[in-house]
Structures are given as C-alpha cells and as structure tokens.
Amino acid sequence: MKNALKLLTILVSLACWTSTAHAHTKILTSKPANGTVLSLPPSELALEFASEIRLAKVTLRIDDGKEIKLDLSEQKTFRTDFTFPIAFDDIGIFVVTWRGIGSDGHIRSGKLQFTVSSE
Ligand SMILES: [Cu+2]
C-alpha cells in the first residue's frame, strides 16, 4: 500500500513535469510578420520556430488563387530558421501554410498571412 502511494506520487509529479516541460513546436517570428500590410512584395519569407522542426511542405497562396510550393531542398534538416526567396510581384493577400515534424516527433502545422497593398 505504501509502495502504491509512492508510485502514484511519482506518476503524478512526472505527469506535471512533462506537461509543463513539453511545448509543441511553434512559430516564434516571421518576416513578414503575421498580419502585416506591406506596400511592396517582400523579397523573401523568413520563418523562425521556437524549437527545431523539419519542414515537409511550405506553400504560399495568393488571393485564393495561385499556390506556390516553396523550395525546401536546401533546408531539409531539423532547424529553427528557414528562408525562402520570393520572386514575384503580386499584390493581394498572401497566405503561408507550413507543415513539418517537431523535434519531439509531433506533426505540427500552421498558417500566417500578410497583405501587399498598392494603396
Ligand atoms: Cu509536441
């Protein structure tokens, strides 16, 4: 009985420890930042994650129209920083969608958007 209580105490404290220590990989900052309105299209997209992630797919969709898959070939390893050149000059709403596997093995995905407006 005493041992069972001891085990329970260990399990409870372990559960608390893992829940506070565990944080899923998420975006820390991006350039352009989420929600930004720009007057000129950016020349690159930079993503910085809070912990290492191996991205599997990053797409850029413009005004619900054309969707561009960004080239990850040089950035296939686990890392926190990713940079993609953007070589087109559309205006409108840009939606970036990313998906990858965090360093804790969990599949993570997210979205951010920015606007390029001529006004
Ligand atoms: Cu996780």
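Residues numbered from 1 in each chain as written. Predicted model: local features only at pLDDT ≥ 70, side-chain atom pairs only at ≥ 80, totals over all residues.

Our next topic: the pairing of strand 7 (residues 107-116). With 2 bridges connecting them, strand 2 (residues 37-38) and strand 7 associate as parallel partners. Counted as the bridge partner of Val 37 is Thr 115 from strand 7. By the bridge criterion, 10 bridges tie strand 6 (residues 92-102) to strand 7 in an arrangement that is antiparallel. Note on strand 7: the bridge partner recorded for Ile 101 is Ile 107. (Pairing = 2+ DSSP bridges. Helix = DSSP H or I, 4+ residues; strand = E, 2+ residues; numbered from the N terminus.)

Negative phi characterises most residues that are not glycine, and trans characterises most peptide bonds. Backbone torsion omega between Lys 31 and Pro 32 reads 0°, so that peptide bond is classified as cis. With respect to the helices and strands, Pro 32 occurs in the loop between strand 1 (27-31) and strand 2.

Moving on, we get to the pairing of strand 6. In this sheet, strand 6 lies alongside strand 3 (residues 44-62) in antiparallel orientation, the contact comprising 9 bridges. Paired with Ile 53 across the strands is Gly 102, a residue of strand 6.

Turning next to the nonpolar core. Counting residues in each nonpolar core, the largest one holds 12 residues, listed as Leu 45, Leu 47, Phe 49, Ile 53, Leu 55, Val 58, Phe 82, Phe 94, Val 96, Trp 98, Phe 114 and Val 116. Counting residues per element, the ones that place at least two in this core are strand 3, strand 6 and strand 7. The greatest single-element share of this core, amounting to 6 residues, is contributed by strand 3. (Core = buried A, V, L, I, M, F, W, Y, C linked by C-beta atoms within 7 Å. Buried ≥ 20, exposed ≤ 12 C-beta atoms within 10 Å, placed from the backbone.)

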